[in-house]
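Structure at a glance
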Amino acid sequence: MKGSFLSWIEILVFSVLIFQDIFNWGYALAVSTDAPVPDPLCGLIASTNIETFYSIWSCNTSGYPIYDQCSWTGVLCDSTNYSVVSVSITQTNLTGTLPDSLGDMSSLTSLSLVWSDLDGTLPAYWSSFSLLAELSLNDNNFTGSLPSEWSEMPELQKLYLYGNNLTGSLPSDWGSMSRIQHLSMANNNLTGSLPSAWGSLGQVEVLVLYGNMLTGSLPETWACLNSVRNLYIFENELSGSLPSAWGSLKQLEQLYLYINKLSCSIPLSFGSLSQLQQLSISRNRLTGVLPTSLASLVELEFVFLYDNSLEGSIPVQFGSLTAMEFLYLSLNSLSGSLPSSLGSMTELLYLSLSENDLSGPLPPSLFTLPSLRFIDLSQNGLSGSLPGEVNASNSLTTIYLSFNSFSNSIPSSMAGAVNLTSLNVSFTGVTGAIPSVLCSSAGVSIDVTATAIQCYTGCLTSSRVLVYGASAQCHNGEIMREFFIFVGVFLGLALGFTALGRYFYQWQLNICLAADFECGYTACSRRWLANSQQPVADGTSQPG
């Protein structure tokens, strides 16, 4: 009997335990049915004002969508299982912060929240994105540092964080992003050095870091970026040398390093960058000579090396760069003569060699280039004669030759450039008269300050030509001359540079060549008239 009693006790206890398990399971089921786990996108509604702009974005008090998410503005779903694969919102008045909950969207492959006023920090929890391939958070107000945990996103290929207020350094851990192709963090407040570990980003094609406060040197290890096509690291505080090893970047097409503190010579190995199309290292502290090896870069279109301390001559071999469109070497210490081979650059649009120590005559072939629009050779030691032949096409608009030592007069052939808007031969020693044919050109500005040029009455009576700086008197009597100058300047300034003011200003300059006015007045008039006409090509006007 005793054994039988114990058996019944054991059966009773066992039954109670089973009943308890069934009760707990039923309770859990009831909870999961009545109180579902909050939806990740509902977390975005809770942390931002997105519902203000898109009413269809709506969730109940339990954090569950009221409407089918696949119908929400900016949401794209998979056609098979209807899971959310993409979220793209562009709303300039969107405010709020980023919720951690978005990191739970296991099916998400693309997330874009751009051109808004979102702020706060970047969630480290987003490292849990397992399929995310593209993340765009550019042009917001995010602060804080870059989460090193994001290196754990296994599928991330494109990351855009430019145009925020991010601080701190570039995470070395991001060097393990084995699939990253586009990485852009321009225009932030990032500091520190360029991580050597990023040399392992073997798939990266576009790396954009300009407009920060990065310091230190250019890593030798980045020579292993075998897929990189575009490197934009300008407007930082980088120093040191240009790594010779970077000559192995065989896919590199655009290299922008201007406005840094690089103090070195250009490596000969850069002549091995066979795909290079655009090179900009302006406004640094480069020294040494222009390597002749650069002449082998047959794809080269843009070269901006102005405002450095380069010396030596312009290599004759540069004439083989027939794809060249922009060549800016001004503000250096280049010497020697201008190679006539530059006349072989048939695609050249803009040439600026001003403020160097160049000497010798002007190669006539330069002025007959078929596509040339802008040429600035001012402030050198060039001598001889002005070009006797000028491109007869419609392209050439601007010729700056001031502060040189030419001995002849302005050739009438200058009128061959029918779209010429600005001709500056001031401080050159040019003699003779302004050719009458130039006076038939509409809207041309001619600066002959500090030359022996005599006025031509045809230009004086033309309302389409601005001439200043000539030595001749255009009216009898100094009183009448000064009166016209005073009236023209006064009315031009008083009328606020309106169309009427511009008419009076140009009228007085045409009536009397203001020979005795100071350079400041002349420069002001030149900027006023030519500001909207002068073509400008500047390496600093590149992308973000």
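Described in the following lines is the structure provided in the data block. Everything quoted here is computed from the prediction, not taken from an experiment. (Residues numbered from 1 in each chain as written. Predicted model: local features only at pLDDT ≥ 70, side-chain atom pairs only at ≥ 80, totals over all residues. Heavy atoms only, no water.)

**Overview of the pattern of salt bridges**
This model, assessed by the stated rule, comprises 2 salt bridges. Salt-bridge contacts for Glu155 lead to Arg179; the nearest nitrogen and oxygen are separated by 2.3 Å. Highlighted residues: Glu155 in the loop between strand S6 (134-136) and strand S7 (158-160) and Arg179 in the loop between S7 and strand S8 (182-184), separated in sequence by 24 residues. Among the salt bridges present, the one from Glu205 reaches Arg229, with a minimum N-O distance of 3.2 Å. Of this pair, Glu205 sits in the loop between S8 and strand S9 (206-208) while Arg229 sits in the loop between S9 and strand S10 (230-232), placing them 24 residues apart in sequence. We classify Glu205 as partly exposed; its relative accessible area is 24%. (Salt bridge = Lys/Arg side-chain N within 4 Å of Asp/Glu carboxyl O. Helix = DSSP H or I, 4+ residues; strand = E, 2+ residues; numbered from the N terminus. Buried < 20%, exposed > 50% of the residue type's maximum accessible area, 1.4 Å probe, protein only.)

**A word on helix H2 (residues 40-47)**
Most of H2 is tucked away, with 6 of its 8 residues classed as buried. Taken together, the buried positions of H2 are Pro40, Leu41, Cys42, Gly43, Leu44 and Ile45. Check the buried side of H2 and you find it contacts helix H3 (50-53), strand S1 (75-77) and strand S2 (84-90). (Contact = heavy atoms within 4.5 Å.)

**Comments concerning the sheet that holds strand S20 (residues 357-360)**
Across the sheet, 5 strands lie side by side as S16-S18-S20-S22-S24; this open sheet has parallel pairing. Edge strands, defined here as strands with exactly one partner in the open sheet, are strand S16 (311-312) and strand S24 (405-406). In this structure, S16 lies alongside strand S18 (residues 333-336), joined through 2 bridges in parallel fashion. Bridging from a neighbouring strand, Gly312 pairs with Leu334 of S18. (Pairing = 2+ DSSP bridges.)

**Re the packing of aromatic side chains**
Here the distance between the centres and the angle between the planes together describe a pair of aromatic rings. Taken as a whole and assessed by the stated rule, the structure comprises 20 aromatic pairs. With a centroid separation of 4.7 Å and an interplanar angle of 35 degrees, the aromatic rings of Trp57 and Trp72 are classed as tilted. With a gap of 15 residues between them, Trp57 in the loop between H3 and S1 and Trp72 in the loop between H3 and S1 connect regions that are remote in the sequence. A single burial state applies to Trp57 and to Trp72, both of which are buried. Between Phe302 and Phe304 the ring centres are 6.1 Å apart and the planes differ by 75 degrees, which places this aromatic pair in the edge-to-face class. Considered together, Phe302 and Phe304 belong to a single accessibility category, that of buried residues. In this structure an aromatic cluster arises from ring pairing among Phe302, Phe304, Tyr306, Phe326, Tyr328, Tyr350, Phe374 and Tyr400. (Phe/Tyr/Trp six-rings, centres within 6.5 Å; stacked < 30°, edge-to-face > 60°.)

**Considerations on the state of the cysteines**
Joining two cysteines, a disulfide is a covalent bond between their sulfur atoms. Overall, the coordinates contain 2 disulfides when judged by the stated rule. There is a disulfide in this structure between Cys42 and Cys59, and the S-S distance comes to 1.9 Å. Its S-S torsion of about -85 degrees marks the bond between Cys42 and Cys59 as left-handed, since a negative value means left-handed. A residue pair is termed long-range when its members are at least 10 positions apart, and Cys42 in helix H2 and Cys59 in the loop between H3 and S1 qualify at 17 residues. (Disulfide = S-S within 2.5 Å.)

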